[in-house]
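# Structural overview
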Amino acid sequence: MKLIDSQTYLNLAKAFSAETQARTRYEFMEYGMRYNGYKTMAEIVDSIAYQEFNHARMFYTFLQKASDKPIKNIDIAGGFPFKEKWDILENLKFAADDEHVEAYEIYLPAAKVAREEGFEDIANLFELTAKVEMQHEAVFLELYNQMKNNTLYKKDHEVMWMCSGCGHMAMGKEAWETCPLCGAKQGTVCLKLDSLNQ
Ligand SMILES: [Fe+2]
Ligand SMILES: [Fe+2]
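Residues numbered from 1 in each chain as written. Chains lettered and ligands numbered in written order. Predicted model: local features only at pLDDT ≥ 70, side-chain atom pairs only at ≥ 80, totals over all residues.

### Describing the packing of helix α3 (residues 88-116) against helix α4 (residues 120-148)
Contact geometry for α3 and α4: axes closest at 8 Å, N-to-C directions at 165 degrees. The angle between the axes of α3 and α4 places the two elements in the roughly antiparallel class. Along this stretch, α3 crosses α4, giving a crossing that reads as left-handed. Looking at the contact of α3 with α4, its residues break down into 20 nonpolar, 3 polar and 9 charged. (Axes fitted to C-alpha atoms, helices over the stretch in contact; angles between N-to-C directions. Helix = DSSP H or I, 4+ residues; strand = E, 2+ residues; numbered from the N terminus. Parallel < 35°, antiparallel > 145°, perpendicular 65-115°, else oblique. Left-handed = near helix turned anticlockwise from the far one by under 90°. Nonpolar A, V, L, I, M, F, W, Y, C, P; charged D, E, K, R; others polar.)

### Regarding the domain arrangement of the protein chain
In terms of domains, the protein chain is made up of domain 1 (3-148) and domain 2 (154-196). Each partner contributes to the interface: domain 1 provides 10 residues, whereas domain 2 provides 11 residues. Secondary-structure elements contributing two or more residues to the side of domain 1 that touches domain 2 are α2 (39-64) and α4. (Domains from an automatic or database assignment. Contact = placed C-beta atoms within 7 Å.)

### Brief notes about α3
Helix length check: α3, at 29 residues, gives a terminal C-alpha distance of 41 Å against a target of 42 Å (1.5 Å per residue), a fit within 8%. The sharpest bend along α3 reaches about 30 degrees and sits at glutamate 102. Taken as a whole, α3 has its buried residues at Asn91, Leu92, Ala95, Asp98, Glu99, Glu102, Ala103, Tyr107, Ala110, Ala111 and Ala114. On its buried face, α3 sits against α1 (7-35) and α4. (Expected span 1.5 Å × (residues − 1). Bend = angle between axes of the 7 residues up to and from the residue. Buried ≥ 20, exposed ≤ 12 C-beta atoms within 10 Å, placed from the backbone.)

### A short note on the environment of leucine 141
Tracing the backbone through its elements, the reader meets leucine 141 in helix α4. Taking the number of C-beta atoms within 10 Å as the measure of exposure, leucine 141 has 18 and is therefore partly exposed. Residues leucine 141 and lysine 93, 48 residues apart in the sequence, show an inter-C-alpha distance of 6.4 Å.

Following this line, the structure appears as structure tokens:
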């Protein structure tokens, strides 16, 4: 079967659309986080947004290989989430949910189809991408839980806090409101996330 005649071809186009939209939504989130002073959280989300860009790039690369000529148009029907409002906490939960759906309900089934249609390399791409989305889900969920439970900068045991701005470090249950060395606000303190092995 030629890629251009396959279901996998359409799945690649849908995946490209999903990734580009996810990236944009995460840029929205990042913007809100920076605006509200959550600098290190914004940096984590920014790195996830960049990873979505690279997922989109990989899907696009395979689409381009489907035809020697430029692809004029690909008609796809698909549902995409538009539920995010400008609320950081809600958006973290929505992002975790979307990553879960993308990994388990879209990419893993798409990998199965690609394998059945004889596109082993694309099946592997969908599977490897699904694994990353599971990791993204874990990061968003952890950020959501810490923000909701007010434990982003406050723990029940002593930990080493570090200012991402100047590198100042100190042990304590709670991070400083203002960095004693550089004066940066609390949102500049590096976050402690098990999902990122920090
Ligand atoms: Fe992605
Ligand atoms: Fe993701």
